[in-house]
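# Structural description and commentary
Spelled out from the first residue to the last, the chains are:
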Amino acid sequence: MSNSNPSASTAHGHNHGHDHGHHKDTFITKYIFSQDHKIIAKQYLLTGMFMAVVAALLSLLFRFQLGWPEDTFPWMESILGDWAKGGRLDPGFYLSLVTMHGTIMVFFVLTAGLTGTFANLLIPFQIGARDMASPFLNMLSVWIFLLSTVIMLLSLFIESGPAAAGWTIYPPLSALPQAMPGSGLGMTLWLISMALFIASSLMAALNYITTILNLRTPGMTMTRMPLTIWSFFTTSILGVLSFPVLLSAVVLLIFDRSFGTSFYLSEIFIAGETLNRTGGSPILFQHLFWFLGHPEVYIVLMPALGITSEVIATNARKPIFGYRTMVGSLLGISFLSFIVWGHHMFVTGMNPFLGNVFMILTLVIAVPSAVKTFNYLATLWKGNIRFTPGILFAIGLVSLFISGGLTGIYLGNAALDINLHDTYFVVAHFHLVMGSASLFGMLAGVYHWYPRMFGRMMNEKLGYLHFWLTFAAVYMVFFPMHFMGIDGVPRRYYNFTGFEYMAEWMDLNRFISISAILGSAAQLIFIWNFFGSMRWGKKAPMNPWNSNTIEWTAPVEHIHGNWPGEIPHVHRWPYDYSRPGAPKDFIPQTVKDDDLPEELRKPAMQPAPQYASKEAVPSETLLFGRLLQVLGIRKA
Amino acid sequence: MKPNRYFTLVFRSFFLVMVSLSAGIFPQALSAQPSGQELFANNCASCHKIDQPMAGPALGGIDKRRDGAWLLKWIRNSAAVIASGDQYAVDLFNQYNKTAMPAYDWSDEEIKSVLAYIKEEEIALANKPKAADGGDGTASLAGGGGPTRGESALMILALIVFGALLLFAGRLLSAQYRLRGIRLFNWNSINAGLFVVFLVVGMALVGLQFARLMRHTLPVAASEHGVVIDQMLVITFWITFVVFVITHYILFVYPWIYRRRGAESKALHYAHNDRLEFAWTIVPAIVLTVLILYGTKVWREITQSEPGKDALEIELFAYQFGWQARLPGSDGMLGRHDYRLIGATNSMGIDPESKEGKDDLLVPEVYLPVGEPVVLRLRARDVIHSAYLPHFRVQMNVVPGMPTQFVFTPTITTEEMREKINNYNFNYVLACNKICGVAHFNMQMKFVVVTRPEYDQWLARQRTYFKRPETQTASILLP
């Protein structure tokens, strides 16, 4: 049931009209400790962008090492001091760099930065609510997130080094400070930061679910919600169910590190002494970690997919193809993501029978992902595509999702995983399918909703340049890594010069490093565009993309409570684009049936196309249309 | 001479000639005693380089820093030297993050040969012509005297100025055109067209990578299950590659065909089609099912079959940062071990009271007889490592407190593989493939596959884990 008057749940009682002279905002309450979802979204976005820059710089440091393993870099010593004695990166610090790069990217940029920004911005706006169900909890979640960010960044400056056992921090390496320097204070701070991060994520996820279920404006049924909202909904459910398991893994690890327990430890001799810890199993940690870890990658990916659906539909002027199937896929992926975690553990020494089980379940989860891809392609078919930077990144996402997803088929096969596990093949796979795809989703979202966030338009040409440079760079960096993986080159290696069969990849590593440097440099275009447009961008109209969703019916200048007067009611689904016979090529959700001629009133989920005139349709000679004709779905 | 004596003489001479020749061609396969270089490569290289510190200090010039007697004590039992309060030792230990150096129970000759090798390498490095680099030591991308810092800064500045000028000129120009109502560029078509260009260039580059890089990937699998895995890889590749090409064709060509062409172009309002959805759900499902059923079959065969009674057992013991290998000896059984027995003189924690352990062999490199099943028994001392033998398509994590194993049958000898890939320096190698600490990248051990007779010869020369001074001297002689 929807409720547009959440007076009981907000601190300000927003069921009255919106000249908000009833309370005064100080600078602190308006911009710092704000409870307004729009400000909180920007806080998440700016923090996420900052952390992305940090993580990118960390990756450049280790790419320098990998690209030029025999050279020294004096500038590295002036920045890193003892961590780059004589201009050469310390091998232990190298592991810290890859660990922190992974941790920051996966959690701080692509979970908090992506979901935090867009769920906060779009949920109230797109479902027609004044704000989140609990603005106070929302503020708490962003501030705890900020605290966890500070602690994680602080850990970079610890004398014994930041956490260095990989973002997956398997014990005993991460449990024993004597196993590596980074497993000292750096690891402790990592754990504290992550515990806070998990708390923040849980609070946020609860808020999103509650808001979506309870605060939809009249007429906004679940099946009239834009796919972005569906994706935030399923993402939040995944988060609520899986993050606590990571928290339990973290807590048990803290116990093993600080309180002498043996959850993960047994029969260890290290640093010259026999440890008095028995009975535990390192595999327990891996199960607990990956129970979150697998849903986590879908938490990272699904919001990006939701954004892609919205951006492609709006810019191709077509309904997203197969709305119900898209929702079904989101739900299917969500459910299945809980039962495939063992595919990260095929060669851990767990009972190999489990390998059979997880292999089969992993195969199943590939199917809804494939369906989503085909639906995106079908959405582009016979569209009327307007290329904004947003849809460029959305199409780029689909490409990366295909490329990365297909290599998942190799890795999901346990027998193939024997030789590919922990090699560069895995690095290529997840950077394409999750890292870059979600980053592209985030960028698509920023370009698309920038007018909604800042009331200005970003510079389009700079956006085009940014996209093409980044898209090329991503493929140049990660595609060649597949070959290294097939050659058995392990990941997390400081250099390859010790093994003859690996040393032949030195030239390619130089190429990859140069591509990475150029790709990172290209992001400066975006940063310039992002901040510059706030000041110098053209003022945005209310609905610059001629979109159907209702966030574009709110005034450009933000007001507390989003809409002056009543919240708009919704009468149709959000994908009535290019309805034949309609005066414009879009029919916003707020348009009532009474205002439309008969044929446009029926819900638009009709299978057969009704042309206003045949000439409007380009003649079909290409594969897709032919296939439809062949399948008898379309008249030849 | 009687005919059979004659033949015997010929065969014996022939045999002797061949043995000595082989010793020349394959010095490593039939070497009598591990040389200083081999000892260094197998034991020291994971943590030490000659000219730069790594997990442990740089060893160049070690003979000037410490005298021979100290070095003998240190290498044999560094923990004891530290415990004795030797200030140099304690400082060194703290400086290198308290990373313990394992104890090496080597003879005087062996230690001397390692030190001699270090000296050789130190001299060789000092005499190497200085690597090309810019006058102030900056790395050069071009590989031969790159730009100095000043030059780099100037180039970047020039680029920025040039870029700014371009931008300024661009805005001037476009303002002019806009004033006159002329649209210079159709950005929509440009972006749409760029997708097609990206498709063509991209696919060409993909093809180029396959053409140039596949030759650097692993050679034919050297194990029975490995060839099955490789077949499955190829099949999976072709299926996924076809999907990759077709979907990318559609994804990058549609933007061009269906770009907005002007005010009159319209999209087709086509919201769903259940039959189509069903089709493209069921087809991937069937293809994937076939692939995975095949995969489960192969996986089951590899991991869930019991090694036969005659399988050769080899224990691989992983520690920070190296491997030790133990063979069961003539009784065919590995001795009992207990982690509480691990110490400076008993690195693998084998129980000296265990009678099965008395004849266990400690080998510096692992030899395998071709065509015979092997079961690797895996044990770790401190953190999770992973036994990765990519040429055999073998990988299994090595977990402290949880023994693991991997069964396989090598099918190609080292000699044969060297022929196949035309590389006479090739050796099979064991690498660590699970992040395990600062020297994770340098934990290796050589594996050699030989014929049965060669294996027996090698086996006879190996020494037991527990040194038996009455039957074995430090140096190892050909029988």
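Keep in mind that what you see is a predicted model, and the values were worked out from it rather than measured. (Residues numbered from 1 in each chain as written. Chains lettered and ligands numbered in written order. Predicted model: local features only at pLDDT ≥ 70, side-chain atom pairs only at ≥ 80, totals over all residues. Heavy atoms only, no water.)

## Remarks on the overall build of chain A
Regarding its fold elements, chain A presents 18 helices and two strands. Relative to a compact globule of 636 residues, whose C-alpha radius of gyration would be 26 Å, chain A shows 25 Å and is just as compact. Taking the principal axes of its C-alpha atoms as reference, chain A extends roughly 85 × 65 × 50 Å. In chain A, the proportion of contacts linking residues at least 24 apart, taken out of those at least 6 apart, comes to 77%. Surface accessibility of chain A: about 20,600 Å² in total, with carbon and sulfur atoms responsible for 66%. Charged side chains in chain A number 37 positive and 34 negative. The centres of these two groups are separated by 11 Å. (Helix = DSSP H or I, 4+ residues; strand = E, 2+ residues; numbered from the N terminus. Rg over C-alpha atoms; globule rule 2.2 N^0.38 Å. Contact = heavy atoms within 4.5 Å. Areas by Shrake-Rupley, 256 points an atom, 1.4 Å probe, with all protein chains shown as cover. Lys, Arg positive; Asp, Glu negative; His and termini not counted. Charge placed at Lys NZ, Arg CZ, Asp CG, Glu CD.)

## Examining the overall build of chain B
Each helix and strand in chain B was counted, giving 13 helices and eleven strands. The 479 residues of chain B split such that 44% are buried. Partitioning the intrachain contacts of chain B with sequence separation of at least 6 by distance along the chain shows that 68% fall at a separation of at least 24. Total accessible area on chain B is roughly 24,800 Å²; 64% of this is exposed by carbon and sulfur atoms. (Buried < 20%, exposed > 50% of the residue type's maximum accessible area, 1.4 Å probe, protein only.)

## A closer look at the packing of helix α4 (residues 68-76) of chain B against helix α7 (residues 108-127) of chain B
Residue and element names in this part refer to chain B. It is at 11 Å that the axes of α4 and α7 come closest, and there the two elements cross at 105 degrees. Of the possible angle classes, the one that applies to α4 and α7 is roughly perpendicular. Across the interface between the two elements, Leu71, Leu72, Ile75 and Arg76 from α4 touch Asp108, Ile111 and Leu115 from α7. (Axes fitted to C-alpha atoms, helices over the stretch in contact; angles between N-to-C directions. Parallel < 35°, antiparallel > 145°, perpendicular 65-115°, else oblique.)

## Re the confidence of the model for chain B
Low pLDDT means the predicted coordinates in that region are not meant to be read closely. Residue and element names in this part refer to chain B. Here chain B shows a mean pLDDT of 85. Residues at 70 or above account for 86%. Per-element confidence in chain B ranges from a low mean pLDDT of 56 for helix α1 (residues 3-25) to a high of 98 for strand β6 (residues 385-389). Every residue in residues 132-144 scores below 50 in pLDDT, and together they form 23 contacts with partners more than four places removed in sequence or on other chains. For the stretch residues 470-479, pLDDT sits under 50, and the model shows 14 contacts to residues farther than four places along the chain or on other chains. With a pTM of 0.87, the predicted complex shows an ipTM of 0.90. (pLDDT = per-residue confidence, 0-100.)

## Observations regarding the pattern of salt bridges
Enumeration over the complete set of coordinates arrives at 26 salt bridges over all chains. Linked by salt bridges that have partners in common, Arg572, Asp576, Arg579 and Asp593 of chain A make up one network. (Salt bridge = Lys/Arg side-chain N within 4 Å of Asp/Glu carboxyl O.)

## Considerations on the packing of aromatic side chains
Scanning the model with the defined rule gives 91 aromatic pairs over all chains in all. Judged by centre distance (5.9 Å) and plane angle (45 degrees), the rings of Trp468 of chain A and Phe198 of chain B are tilted. In this pair, Trp468 of chain A sits in helix α14 (residues 460-478) while Phe198 of chain B sits in helix α9 (residues 187-213), so the two residues belong to two different chains. On the basis of relative accessible area, Phe198 of chain B is assigned to the buried category, the value being 17%. Centre to centre, the rings of Phe210 of chain B and Phe241 of chain B are 5.9 Å apart; their planes meet at 75 degrees, and the pair counts as edge-to-face. With Phe210 of chain B in helix α9 and Phe241 of chain B in helix α10 (residues 224-257), this pair connects stretches of sequence that are 31 residues apart. What makes Phe210 of chain B partly exposed here is its relative accessible area of 23%. Phe241 of chain B gets classed as partly exposed once you look at its relative accessible area, which sits at 23%. In this arrangement the basic side chain of Arg66 of chain B is found over the ring face of Tyr88 of chain B, its NZ or CZ atom lying 3.6 Å from the centre. (Phe/Tyr/Trp six-rings, centres within 6.5 Å; stacked < 30°, edge-to-face > 60°. Lys NZ or Arg CZ within 6 Å of the ring centre and 35° of its normal.)

## A closer look at the pairing of strand β10 (residues 444-450) of chain B
All names here are of chain B. The element β10 is largely enclosed, with a buried count of six among its seven residues. Pairing of strand β4 (residues 366-369) with β10, which is carried by four bridges, proceeds in the parallel orientation. Bridging from a neighbouring strand, Leu368 pairs with Val449 of β10. (Pairing = 2+ DSSP bridges.)

## Some remarks on empty space enclosed by the protein
Take a probe with the size of a water molecule and roll it over the atoms, and the empty space left behind shows itself. Residues and elements named next belong to chain A. The full count for this structure, using the stated rule, is five cavities of 30 Å³ or more. In this structure, the largest cavity occupies an estimated 160 Å³ of space. In terms of lining residues, the largest cavity is bounded by 17 residues, among which Thr111, Thr115, Ser201, Ala204 and Tyr208 are the most central. At the level of elements, α4 (91-127), α6 (185-214) and α7 (227-258) are the ones that each hand at least two residues to the lining of the largest cavity. In terms of residue count, α6 provides more of the lining of the largest cavity than any other element does, six residues in total. Within the lining of the largest cavity, the residues separate by chemical class into nine nonpolar, eight polar and no charged. (1 Å grid on protein atoms, 1.4 Å probe; cavity = no way out; pocket = protein on both sides within 12 Å on 5 of 7 lines; lining within 4 Å. Points joined across faces, edges and corners; volume = space filled by probe spheres on them. Nonpolar A, V, L, I, M, F, W, Y, C, P; charged D, E, K, R; others polar.)

## Details of the interface of chain A and chain B
Interfaces are frequently sized by the accessible area removed from exposure as the parts join. Contact with chain A, which involves 142 residues of that partner, is made by 119 residues of chain B. Both faces considered, chain A and chain B share a buried interface measuring about 11,600 Å² in area, 69% of it formed by carbon and sulfur atoms. Linking chain A with chain B are one salt bridge. Put simply, Asp422 of chain A and Lys434 of chain B hold a salt bridge, and the shortest N to O gap is 3.2 Å. At the surface where chain A touches chain B, the tally comes to 30 residue pairs in polar contact (both at pLDDT 80 or more). Element by element, the count of residues in the side of chain A that touches chain B is highest for helix α10 (residues 352-380) of chain A, at 16 residues. A breakdown of the residues in the side of chain A that touches chain B according to their chemical character gives 92 nonpolar, 31 polar and 19 charged. (Buried area = accessible area lost by both parts, 1.4 Å probe. Polar contact = N/O pair within 3.5 Å; in protein donor to acceptor, adjacent residues only side chain to side chain.)

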